[in-house]
Amino acid sequence: CCDTSTQEMSAQENRVMALSEWEDRWQAGKTGFHRSEVHNLLESNLDKVVCGRNEVRFFFPLCGKAIDMKWLADMGHTVVGVEISEKGIKQFFAEQNLAFNEEPVPAIPGAKVFKSTDGTISIYQCDLYKFSSTVGGKFGGIWDRGALVAINPCDRQKYATLLMSLMNNDCRYLVDTLEYNPELYKGPPFFVSEEDVKNVFGGGCDIELLESVDAFEKKHKSWGLDSLTEKMYLLTPKAQ
Ligand code: SAH
């Protein structure tokens, strides 16, 4: 009688966003998820993800035009992102004043990779599920903001399996999730509980809750919500 999580999950589990709907959002300038500042929870947990290492290779799933990519690159790390919207990718390079080259990706028909000429940031323009370690190698850090919460709920295990296949043994993966009443707002971003994170990543990763913050803002009121909690987890590969 007390298990509300099953009930809450069912409110969103069948919701599906087509890739074309994301592109439509970019075309219409409906990118309210974009932040003009470095993400506060990345900043406050930077030490936990970098962990004293230099030149970490970071992966940004569903990167949009997150300025966090430039912020990490400026510290000497390298960044690989995947984003379906070419418009979003081009806006990133323009807004960050970065010159770039554009190349096809032979292993993924139709895909392109946009690389900053200084070689620090590469963004693959393709469906995330077409990306793999064969194409992009493995990573020492992952920043997942607006990604696990943005993918279709029915794809979570597929997503987690892919992300885990991109992790080096020393990889530290920060994932940012949102909790709110999913009966009130259909998403995206979708509601992701600690249980959900454990269900899909628990087989391969140790999971630590790093921060839980009240992230309710005015815009969430217009979504019909009256509370919203942001939770940050650190995922590390289980010792083999
Ligand atoms: N992480 C970014 C963007 C979050 S919004 C940020 O925090 O600002 C989610 C982004 O994922 C959108 O830009 C959308 O175009 C992209 N996207 C959604 N599904 C995708 C998929 N299957 N493959 C690649 N990109 C996708």
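You'll find the chain entered in an unreviewed UniProt entry as thiopurine S-methyltransferase, with Sinocyclocheilus anshuiensis given as the organism. The record in UniProt for the chain states the following under Subcellular location (unreviewed entry): "Cytoplasm". Regarding the chain, the relevant UniProt record gives this comment under Sequence similarities (unreviewed entry): "Belongs to the class I-like SAM-binding methyltransferase superfamily. TPMT family."

**Student:** Would you take a moment to explain the side chain of Asp176 for this structure?
**Tutor:** As for its position among the elements, Asp176 is in strand β7 (residues 167–179). Contact partners of Asp176, with chain neighbours within four places excluded, come to His39, Leu41, Trp143, Asp144, Arg145, Val149, Glu230, Lys231 and Met232.

**Student:** Help me out: how do you make sense of the state of the cysteines in this one?
**Tutor:** Here, the word disulfide means a covalent bond between the sulfur atoms of two cysteines. Enumeration according to the criterion identifies 0 disulfides in this entry. There is no disulfide at Cys154, and the cysteine sulfur nearest it, in Cys126, is 19 Å away. Take Cys154: its relative accessible area is 53%, and that puts it in the exposed class. For the unlinked cysteine Cys205, the closest cysteine sulfur is that of Cys171, found at 8.1 Å.

**Student:** Is there a simple way to think about the site of the ligand in this case?
**Tutor:** Lining the immediate environment of the ligand, one finds 15 residues, of which Trp26, Leu62, Glu83, Leu128 and Arg145 sit closest. Residue Arg145 places a side-chain N or O atom 2.7 Å away from an oxygen atom belonging to the ligand. Relative to its unbound accessible area of 570 Å², the ligand is 95% covered by the protein chains. The element best represented in the shell around the ligand is helix α2 (residues 19–27), accounting for 3 residues.

**Student:** How should the sheet that holds strand β5 (residues 121–125) be read in this particular structure?
**Tutor:** Two pairing modes exist for strands in a sheet, parallel and antiparallel, and in both the strands are linked by backbone hydrogen bonds. The 9 strands lie next to each other as β3-β4-β5-β2-β1-β6-β7-β9-β8, forming an open sheet whose pairing is mixed. Of all strands in the sheet, those with a lone pairing partner are β3 (100–104) and β8 (205–214), marking the two edges. With direction set aside, neighbouring strand axes in the sheet form an average angle of 20°. In this structure, strand β1 (residues 57–60) lies alongside strand β2 (residues 78–83), joined through 4 bridges in parallel fashion.

**Student:** Looking at this structure, how should I read the packing of aromatic side chains?
**Tutor:** Two descriptors summarise a pair of aromatic rings, namely the distance from one centre to the other and the angle between the planes of the rings. Inspection of the entire model under this criterion finds 12 aromatic pairs. Seen in terms of ring centroids, Phe59 and Phe131 are 5.3 Å apart; in terms of plane orientation they differ by 15°. Their pairing is stacked. Of this pair, Phe59 sits in strand β1 while Phe131 sits in the loop between β5 and α7 (133–136), placing them 72 residues apart in sequence. In terms of burial, Phe59 and Phe131 fall into one category: buried. Members of the aromatic cluster, joined through ring pairs, are Phe59, Tyr124, Phe131 and Phe139. When the ring centre of Trp22 is taken as origin, the NZ or CZ atom of Arg25, which lies over that ring, is 5.5 Å away.

**Student:** Before we go on, may I ask you to explain the nonpolar core in this structure?
**Tutor:** Generally speaking, a soluble globular protein has its nonpolar side chains buried in company with each other. Core analysis: the largest hydrophobic core is formed by 33 residues, its most contacted members being Phe59, Tyr159, Leu163, Tyr173 and Phe201. Those elements that place two or more of their residues in this core are β2, β6 (139–144), α8 (156–165), β7, α9 (194–201) and β9 (229–237). Ignoring anything within four residues of it in the chain, the contact list for Phe59 reads Val80, Val82, Leu128, Phe131, Phe139, Gly141, Ile142, Trp143, Leu163 and Leu166. Judged by nonpolar contacts, the second largest core, of 26 residues, contains Ala73, Phe92, Phe93 and Ile123.

**Student:** So what exactly am I meant to see when it comes to unusual backbone geometry here?
**Tutor:** Glycine aside, residues mostly have negative phi, and peptide bonds are mostly found in the trans state. Across the junction of Gly187 and Pro188, the peptide omega takes the value -5°, indicating a cis bond. Position of Pro188 among the secondary structure elements: in the loop between β7 and α9. With omega at 0°, the peptide bond leading from Pro188 into Pro189 counts as cis. Within the element layout of this structure, Pro189 appears in the loop between β7 and α9. If you check the backbone angles, Glu55 has positive phi at about 45° while not being a glycine. One can find Glu55 in the loop between α4 (46–50) and β1.

About the thresholds
Residues numbered from 1 in each chain as written. Predicted model: local features only at pLDDT ≥ 70, side-chain atom pairs only at ≥ 80, totals over all residues. Heavy atoms only, no water. UniProt positions renumbered as here; feature names shortened; annotations may be inferred. Helix = DSSP H or I, 4+ residues; strand = E, 2+ residues; numbered from the N terminus. Contact = heavy atoms within 4.5 Å. Disulfide = S-S within 2.5 Å. Buried < 20%, exposed > 50% of the residue type's maximum accessible area, 1.4 Å probe, protein only. Near = heavy atom within 4 Å. Polar contact = N/O pair within 3.5 Å; in protein donor to acceptor, adjacent residues only side chain to side chain. Areas by Shrake-Rupley, 256 points an atom, 1.4 Å probe, with all protein chains shown as cover. Pairing = 2+ DSSP bridges. Axes fitted to C-alpha atoms, helices over the stretch in contact; angles between N-to-C directions. Phe/Tyr/Trp six-rings, centres within 6.5 Å; stacked < 30°, edge-to-face > 60°. Lys NZ or Arg CZ within 6 Å of the ring centre and 35° of its normal. Core = buried A, V, L, I, M, F, W, Y, C linked by side-chain atoms within 4.5 Å.

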